[in-house]
Amino acid sequence: MRRTWALAMLLFGAALIGGGTEFRSLNGNWRVLPPVKSAKRPASAPGLAAKLHLPETPTTAWKTIKVPHYNWHEAFPDTYPDASRRSANYQFTGKPVYVSGWFDTSFDIPAELGNRRVYLDFGSVAFETELFVNGRRAASHKGSFTGFEVDVTPLVKPGSNTLRMWVANDFGEHPPRHVYGKMFSASSNSGGITGNVTLKITSALNVRRMLLTPLVKESALDAVLELRNHLAPGEYVFRATAVDAAGNAQAAELGSFALKPGENRIQVRFPLRDPKLWSPADPQLYRFDVEILDRAGKVAAKSSGRFGFRDFRAVGGKFCLNGERIRLYAGNILTSGGWERTEPGSDAKLRADLRRQKRAGVNAIRYHMGGSDSHRLLAIADEEGLLVIDEFPMFHRVFSDLVFPTPEQRKEFMDTTLYEWRERIFRDYNHPSAVIWTLSNEVWTDSTADELNELYRALKPLDPMRPFNTGSGLHSFGIPGVPVATDLYDSHLYNVTSQMAPNFAEQDFDRYFRGLEELYGGEAFAKPA
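Residues numbered from 1 in each chain as written. Predicted model: local features only at pLDDT ≥ 70, side-chain atom pairs only at ≥ 80, totals over all residues. Heavy atoms only, no water.

Next up on the list: the overall build of the protein. Across its full length, the protein holds eight helices and 27 strands. Every one of the 529 residues in the protein was classed for burial, and the buried ones make up 54%. Put simply, of all contacts in the protein between residues at least 6 apart along the chain, 73% involve residues at least 24 apart. Only carbon and sulfur atoms are counted for the fraction: they give 53% of the accessible area of the protein, which is about 22,800 Å². (Helix = DSSP H or I, 4+ residues; strand = E, 2+ residues; numbered from the N terminus. Buried < 20%, exposed > 50% of the residue type's maximum accessible area, 1.4 Å probe, protein only. Contact = heavy atoms within 4.5 Å. Areas by Shrake-Rupley, 256 points an atom, 1.4 Å probe, with all protein chains shown as cover.)

Another point: empty space enclosed by the protein. Scanning all chains against the criterion turns up three cavities of 30 Å³ or more. Estimates place the volume of the largest cavity at around 160 Å³. Around the largest cavity sit 16 residues that line it, and Leu212, Thr213, Pro214, Arg310 and Arg466 are the ones nearest its centre. Going through the elements one at a time, β13 (205-215) and β20 (312-315) are the ones with two or more residues in the lining of the largest cavity. Residue contributions to the lining of the largest cavity peak at three residues, all from β13. For the lining of the largest cavity, the per-class residue count stands at seven nonpolar, four polar and five charged. In this structure, the second largest cavity encloses a volume near 50 Å³. At the level of secondary structure, the elements contributing two or more residues to the lining of the second largest cavity comprise β4 (97-109) and β10 (159-171). Element by element, the count of residues in the lining of the second largest cavity is highest for β10, at four residues. (1 Å grid on protein atoms, 1.4 Å probe; cavity = no way out; pocket = protein on both sides within 12 Å on 5 of 7 lines; lining within 4 Å. Points joined across faces, edges and corners; volume = space filled by probe spheres on them. Nonpolar A, V, L, I, M, F, W, Y, C, P; charged D, E, K, R; others polar.)

Taken in spatial order, the three strands line up as β20-β21-β22 in an open sheet, and their pairing is antiparallel. Bordering the open sheet on either side are β20 and β22 (324-325), each of which pairs with just one other strand. Summarising the sheet, strand β21 (residues 318-321) and β22 pair through two bridges and their orientation is antiparallel. Paired with Cys320 across the bridge in β22 is Arg325. (Pairing = 2+ DSSP bridges.)

With that settled, the discussion passes to the side chain of Arg427. With respect to the helices, strands and loops of the structure, Arg427 is situated in helix α4 (residues 407-428). Exposure remark for Arg427: the relative accessible area of 11% places this residue in the buried category. Within polar-contact distance, the side chain of Arg427 engages the side chain of Ser374 at 2.5 Å. (Polar contact = N/O pair within 3.5 Å; in protein donor to acceptor, adjacent residues only side chain to side chain.)

For helix α1 (residues 347-359), built from 13 residues, the straight-helix expectation of 18 Å at 1.5 Å per residue is met to within 8% by its first-to-last C-alpha distance of 18 Å. Those residues of α1 that sit buried are Leu350, Asp353, Leu354 and Gln357. An end-on view of α1 places all buried positions within 95° of arc, on one side of the element. Exposed positions of α1 whose direction lies more than 90 degrees from the buried face are Ala348 and Arg359. Where α1 is buried, its residues contact β23 (330-334), β24 (364-368) and α2 (374-384). Taken from the residues just after α1, Gly361 is the one with a positive phi, measuring 105°. (Expected span 1.5 Å × (residues − 1). Arc of directions from axis to C-beta.)

A separate point is the packing of aromatic side chains. Two aromatic rings, taken as a pair, are described by how far apart their centres are and by the angle between their planes. Going through the model one piece at a time under the given rule, you end up with 13 aromatic pairs. Judged by centre distance (6.3 Å) and plane angle (80°), the ring pair of Phe288 and Phe307 falls under edge-to-face. Separated by 19 residues along the polypeptide, Phe288 in strand β18 (residues 286-293) and Phe307 in strand β19 (residues 299-307) bring together distant segments of the chain. Across the pair, exposure class does not vary: Phe288 and Phe307 are buried alike. For the ring pair Phe312 and Phe319, a centre distance of 5.5 Å and an interplane angle of 25° mean the geometry is stacked. For Phe312, a relative accessible area of 3% puts it in the buried group. Among the residues examined, Phe319 registers a relative accessible area of 21% and is labelled partly exposed. By the ring-pair criterion, three or more aromatic residues cluster together here, those being Phe270, Tyr286, Phe288 and Phe307. (Phe/Tyr/Trp six-rings, centres within 6.5 Å; stacked < 30°, edge-to-face > 60°.)

Attention now goes to the pattern of salt bridges. Tallying each qualifying case throughout the model produces 38 salt bridges. Arg209 is the partner of Glu423 in a salt bridge, and the nearest nitrogen-oxygen pair spans 2.9 Å. On the criterion of sequence distance, the pair formed by Glu423 in helix α4 and Arg209 in strand β13 is long-range, its members being 214 residues apart. With its nearest N and O atoms 3.2 Å apart, the salt bridge here joins Asp353 to Arg356. Within this pair, Asp353 and its partner Arg356 are both found in helix α1, separated by three residues, close to a single helical turn. On the accessibility criterion, Asp353 (17% relative accessible area) is buried. A cluster of three or more residues bridged by salt bridges with shared partners is formed by Arg306, Arg351, Arg355, Asp382, Glu383 and Glu384. (Salt bridge = Lys/Arg side-chain N within 4 Å of Asp/Glu carboxyl O.)

The next thing to look at is the environment of Val152. Take Val152: it is sitting in the loop between β9 (148-151) and β10. Given a relative accessible area of 0%, Val152 falls into the buried group. Taking the C-alpha atoms as reference, Val152 lies 6.5 Å from Ala138; in sequence the two are 14 residues apart. If sequence neighbours within four positions are ignored, Val152 has contacts with Val118, Leu120, Val133 and Ala138.

Geometry only, nothing functional implied.
Here you go:
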């Protein structure tokens with residue numbers, strides 16, 4: 001499975017590829033040892049005694065599987081708790097089923113690496129993984145819905161290299177160690193290598209993450225750069241260029257900064273002349289290029305991101321976009337795995353879905369139980385001009401009657417959930433279409449209020465501008481007298497929607513809006529013209 005090199009530029013989202021950085025996809029056909037099912041949680045990476053992590057270990061049991069895939073259980077149906085009922089209503093019985101297996105692929109490293117760094121980037125792996133490069137342990141990770149990146153520079157060699165991964169997921173631990181997404185049925189449980197896998201070779205000084213905040217009133221862009229420096233300490237000059245869709249460029253020198261070896265965090269402000277505002281009616285986008293120069297004036301690192309210049313916030317109980325009142329008329333989209341159980345749907349299909357909803361009069365999308373590909377939907381929504389309510393896949397069925405027998409079990413769940421949500425916010429932060437974070441869906445507050453409040457308190461400081469909805473449907477499913485910290489409430493009015501006509505052309509929307517007016521008052525839910 002030898003692969004060839006490619007050079008390109010990734011222009012959207014928070015996953016930032018610097019100019020001149022080499023990267024290539026490791027997607028495609030991998031080898032997999034058929035996963036095994038167990039009633040007992042497997043020990044960390046079973047198979048080490050059999051030396052399955054070593055590339056020279058012979059075995060004839062390898063099969064082929066496509067990476068990424070939403071659900072490896074579809075390729076190996078006997079790993080379902082009951083394959084004959086994989087689409088039936090799933091019950092969390094407290095008797096979980098565990099599934100684990102090994103993956104294998106190879107990649108090439110050029111002979112002349114110099115002082116450059118080599119990273120493996122994983123879009124998502126569900127739920128737990130341990131990585132081995134050339135038989136040596138590279139990293140471990142837990143979390144199904146956000147990505148992670150591993151520096152494998154000390155482990156690679158020129159020429160062919162072997163990557164082996166042990167992966168494990170489960171069905172319905174209670175109490176849970178992690179979130180599961182919208183697991184109405186066993187077949188909607190994600191498992192395996194569910195996101196893109198990318199090999200990156202970049203400079204010794206490189207940008208790990210860039211967070212871009214438009215400041216509309218100041219006509220400026222606030223940029224936070226998280227840097228990894230594998231060079232000696234030194235003084236570096238930062239300069240940046242913003243380029244609009246028509247190719248008009250504005251450049252500025254941002255200042256000189258002393259960088260130490262290791263992790264560095266730099267905050268700079270970039271002035272924009274006559275900025276073009278992003279809105280659903282006119283979704284203007286900018287590319288933001290950063291160069292970091294050493295004392296000799298040589299470019300030591302480059303990075304690019306994309307942003308839309310807009311301001312969205314809740315003011316006085318009303319949503320405002322760029323200083324003007326806006327009402328959200330939203331449609332729903334479920335994460336791709338709800339229907340496409342073997343691989344994610346194409347960008348073309350997703351774009352067609354969003355365009356169809358916008359033609360129907362929608363200006364916002366609730367990405368319900370948004371999976372690991374939320375940044376893919378947001379990149380398209382940025383271009384199409386749709387506001388997105390970005391919802392984390394924390395689902396009520398897993399969390400009803402939530403009781404953690406020990407503080408250690410609660411800490412494990414909260415640590416994993418907070419880690420995934422932080423990474424999700426950072427990954428999706430630069431998308432102008434992302435306007436509201438929703439932390440859970442229809443989670444009853446009688447047993448989860450403490451956990452929901454802790455999530456809100458920990459995550460809100462990461463993005464003070466965007467509103468946080470601690471629980472979608474909280475107004476319907478919250479328990480009176482049990483306070484939950486949130487910036488807004490919404491209701492799930494099944495008693496109204498269940499009476500809707502199957503054909504939109506026959507729908508009495510006047511009656512629907514009258515019902516909302518009775519609940520919330522006419523001005524708040526005025527019917528659109």
